[in-house]
Amino acid sequence: MVKLGLYTGARISELCNADVEVVEGIKCLVVQKGKTDSAARYIPLAEQVADLPLPLKIDHKAAGRTFSRFKVSQITDDSTRSFHSLRNHFITAGQRAEGLSEFDVAYVAGHKTGATMSFGHYARHDVKRLKQTVDTIAAQIEWEWF
């Protein structure tokens, strides 16, 4: 779960309820609904998580409690660190990585994209380009963390 959160930027509730689909030959998590309307999206999987058994289909509240117990016993008791911190790391890595479109990083993270009718309503995301975005973010995470 931790690895999946780090390499997808998804919220814990999204990970627990996402489906898996191959789109244009690319394995993706499919988030049907989430915190906002923008949460519904395809998240191409980086190679670092492509082998994980998916979909999870578990109760997100129970997963959150399990993560919290693990975090306190194995990592830190700092209450400012949470599962959502992994999402922050993913998005920050997207910001730091060379050549990525904020539009694509925002889409993968489930944030609203495009304030205009053209970008907000009509624009569609190319799964192959999103896969490149996710792979670039994953490489940035690997470079920063490992």
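Described in the following lines is the structure provided in the data block. (Residues numbered from 1 in each chain as written. Predicted model: local features only at pLDDT ≥ 70, side-chain atom pairs only at ≥ 80, totals over all residues. Heavy atoms only, no water.)

### Looking at the overall build of the protein
Phase 1: Along its length, the protein carries seven helices and three strands.
Phase 2: Scanning the protein from its N terminus toward the C terminus, one meets helices and strands in the order α-α-β-β-β-α-α-α-α-α.
Phase 3: Against the 2.2 N^0.38 benchmark of 15 Å for 146 residues, the protein shows a C-alpha radius of gyration of 15 Å, consistent with a compact globule.
Phase 4: Expressed along its principal axes, the backbone C-alpha trace of the protein runs to roughly 45 × 30 × 30 Å.
Phase 5: Within the protein, the fraction of its 146 residues that count as buried is 40%.
Phase 6: Long-range contacts, defined as pairs at least 24 residues apart, comprise 64% of the intrachain contacts of the protein with a sequence gap of at least 6. (Helix = DSSP H or I, 4+ residues; strand = E, 2+ residues; numbered from the N terminus. Rg over C-alpha atoms; globule rule 2.2 N^0.38 Å. Buried < 20%, exposed > 50% of the residue type's maximum accessible area, 1.4 Å probe, protein only. Contact = heavy atoms within 4.5 Å.)

### Concerning the sheet that holds strand 1 (residues 19-23)
Phase 1: The antiparallel open sheet is built from three strands, whose spatial order is 1-2-3. Edge strands, defined here as strands with exactly one partner in the open sheet, are strand 1 and strand 3 (41-44). The sheet shows a mean angle of 40 degrees between the axes of neighbouring strands, taken without regard to direction.
Phase 2: Two strands pair when backbone bridges link them, and strand 2 (residues 26-31) and strand 3 are joined in this way by four bridges, in the antiparallel orientation. If you follow Leu29 over to strand 3, its bridge partner there is Ile43.
Phase 3: Helix 7 (residues 127-145) contacts strand 1, strand 2 and strand 3 of the sheet and is inclined by roughly 55 degrees relative to strand 3. (Pairing = 2+ DSSP bridges. Axes fitted to C-alpha atoms, helices over the stretch in contact; angles between N-to-C directions.)

### Re the pattern of salt bridges
Phase 1: This model, assessed by the stated rule, comprises six salt bridges.
Phase 2: Note that Glu144 is salt-bridged to Arg96, the shortest N-O span being 3.3 Å. Separated by 48 residues along the polypeptide, Glu144 in helix 7 and Arg96 in helix 4 (residues 83-96) bring together distant segments of the chain. (Salt bridge = Lys/Arg side-chain N within 4 Å of Asp/Glu carboxyl O.)

### Description of the layout of surface pockets
Phase 1: By volume, the second largest pocket amounts to about 220 Å³.
Phase 2: As for the second largest pocket, its lining consists of 13 residues, of which Phe67, Ile75, Ser85, Leu86 and Trp145 are closest to the centre.
Phase 3: Those elements that provide at least two residues to the lining of the second largest pocket are helix 1 (2-8), helix 3 (60-74) and helix 4.
Phase 4: A per-element tally of the lining of the second largest pocket places helix 4 first, with three residues.
Phase 5: Looking at the lining of the second largest pocket residue by residue, the class counts come to seven nonpolar, four polar and two charged. (1 Å grid on protein atoms, 1.4 Å probe; cavity = no way out; pocket = protein on both sides within 12 Å on 5 of 7 lines; lining within 4 Å. Points joined across faces, edges and corners; volume = space filled by probe spheres on them. Nonpolar A, V, L, I, M, F, W, Y, C, P; charged D, E, K, R; others polar.)

### Quick notes on the packing of helix 5 (residues 102-109) against helix 7
Phase 1: At their nearest, the axes of helix 5 and helix 7 sit 10 Å apart, and the two run at 85 degrees to each other. Classed by the angle they form, the pair helix 5 and helix 7 counts as roughly perpendicular. Residues Phe103, Asp104, Val105, Tyr107 and Val108 of helix 5 pack against Arg129, Leu130, Thr133, Val134 and Ile137 of helix 7.
Phase 2: Here the contact of helix 5 with helix 7 is built from residues that sort into seven nonpolar, one polar and two charged. (Parallel < 35°, antiparallel > 145°, perpendicular 65-115°, else oblique.)

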